[in-house]
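Here's the letter readout for the chains.
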Amino acid sequence: MQHRIIVLGAGYTGAIAAGRLARRLHRDEVAITLVNAEPDFVERVRMHQLAVGQDLVPRPLSEMFAGTGVELRIAKVTGVDVDRKTVAVVPPNAGPGELAGTEHLPYDTLVYALGSGWNDQGVAGTAEHAHEIASRPGALRLRERLAALEAGRSVAVVGAGLTGVEAATELAEARPDLTVALVARGGLGDWLSDRGRAHLRKVVGDLGITVHENAAVTGVEADRVTTADGGAIPAAVTVWTTGFAVHPIARATTLETDGTGQIVVDATMRSLSHPDVYVVGDAARAMGPGDKPLRMSCASGTPAAWLAADTIAARLTGGKLPKSAVRYYNQCVSLGRKQGLIQYVTADDRAVDAALTGRLAAVYKELVCKGAVWGVANPTLGLPGRRRHVLEEADRAEAAVKAVA
């Protein structure tokens, strides 16, 4: 009987994990199913580009996984029963709460990669009036709204982390006829080195972006955002980029989760409470260098997906467990199409003095984005791999005991 592996989510991490597993294991001994709500791979790191009117290259998952042995299932995940080891799915066009046509897919090993969405932080008015770019539908809604926005109108980008900075600079460059404001809870670029921060401030100034620093937003209305000090910032359009929130399904299971809903995993991305479940990407509560939680990012998600896939393959085949650790090297920030910032960091993601800026940094960031997509289509990074045979369950248990000994 084939060992059934289900991967939930075909973002960067889920797609990499599925493809890498398919290249590590014999096709006749495993059945790998990749479940995703959309038929196309979404380049999430480019959603700010999509929102301002740029067209992205279509990347059908059916083409990306053709001939790999991975079965692609276009469906929405509505629940996971980790005790009965089943996943509930409905057709992709099913409405919220619609359970007609529900199927329950059984698994032996689950890779949970449902990722995250936008986080409104509980601020009043965000759901009604703010736009998000954490998803393709959200970016497309913002794109439509911006296309209809007359010259001279104001746009406020709330949140000045990596996503907010990229959104504000992309928008200001693409639409110089608009008045763009960037609202930062702290200081602009306060996580960067002196060199990186100086370059960011220069580019933002050159683009004519108004920066509101140390401004805590307490409400969003149709034409403004309000701040804790009683101020109001005009905004015909508000773009909300204050962080991400994980998919709520995990919290509805018996999986061990933390206060944010992330699933707690060990050093191999394996669930602490359910050893047949692995978690990659934003949904994982994984500890990195310095005993710090890995931040939600492609930078940590991709190597975590490699690690999880290689660990699963090793445990199924009696092989040696990988001992690689996920660490950081740099933070890549696009500042429009002509400028960029590459901030080099320590293993635990703290800025160092070195930073690459300007046009060269923009080219670097573009290569990183292209490389991320190439890495999804080439999950073993173009290196030849040998498929290994899956052991019987009793033999796997014996191999695991020997590995520990």
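This text follows the structure it describes.
Residues numbered from 1 in each chain as written. Predicted model: local features only at pLDDT ≥ 70, side-chain atom pairs only at ≥ 80, totals over all residues. Heavy atoms only, no water.

Chemist: Lay out empty space enclosed by the protein in plain terms, naming residues and giving numbers.
Modeler: Left-over empty space is what a probe sized like a water molecule reveals as it rolls over the atoms. Scanning all chains against the criterion turns up 3 cavities of 30 Å³ or more. Reported here for the largest cavity is a volume of approximately 80 Å³. If you go around the largest cavity, the residues you meet are Gln262, Met269, Gly281, Asp282, Ala284, Ala286, Leu294, Arg295, Met296, Ser300, Gly301 and Ala304. It is helix H8 (residues 298-317) that provides the largest number of residues to the lining of the largest cavity, a total of 3 residues. Of the residues in the lining of the largest cavity, the class split is 6 nonpolar, 4 polar and 2 charged. (1 Å grid on protein atoms, 1.4 Å probe; cavity = no way out; pocket = protein on both sides within 12 Å on 5 of 7 lines; lining within 4 Å. Points joined across faces, edges and corners; volume = space filled by probe spheres on them. Helix = DSSP H or I, 4+ residues; strand = E, 2+ residues; numbered from the N terminus. Nonpolar A, V, L, I, M, F, W, Y, C, P; charged D, E, K, R; others polar.)

Chemist: Can you tell me about the pattern of salt bridges, naming the residues and giving the values?
Modeler: Note on pairing: side chains with opposite charge can pair once their charged atoms come close. Evaluated as defined, the whole model comprises 26 salt bridges. Note that Glu43 is salt-bridged to Arg59, the shortest N-O span being 3.1 Å. Of the two residues, Glu43 sits in the loop between strand S2 (30-36) and helix H2 (47-51) while Arg59 sits in the loop between H2 and helix H3 (61-64), which places them 16 residues apart along the sequence. What makes Arg59 partly exposed here is its relative accessible area of 25%. Through salt bridges with shared partners, a single network forms among Glu43, Arg46, Arg59, Glu170, Arg337 and Glu366. (Salt bridge = Lys/Arg side-chain N within 4 Å of Asp/Glu carboxyl O. Buried < 20%, exposed > 50% of the residue type's maximum accessible area, 1.4 Å probe, protein only.)

Chemist: Give me the sheet that holds strand S10 (residues 154-158): which residues, what numbers.
Modeler: Spatial strand order, S9-S16-S10-S11-S12: 5 strands in an open sheet with parallel pairing. Each end of this open sheet is capped by a strand with a single partner; those strands are strand S9 (130-131) and strand S12 (210-212). Contacts from helix H5 (residues 136-147) reach S9, S10 and strand S16 (237-240) within the one sheet, and its direction differs from that of S16 by about 155°. (Pairing = 2+ DSSP bridges. Contact = heavy atoms within 4.5 Å. Axes fitted to C-alpha atoms, helices over the stretch in contact; angles between N-to-C directions.)

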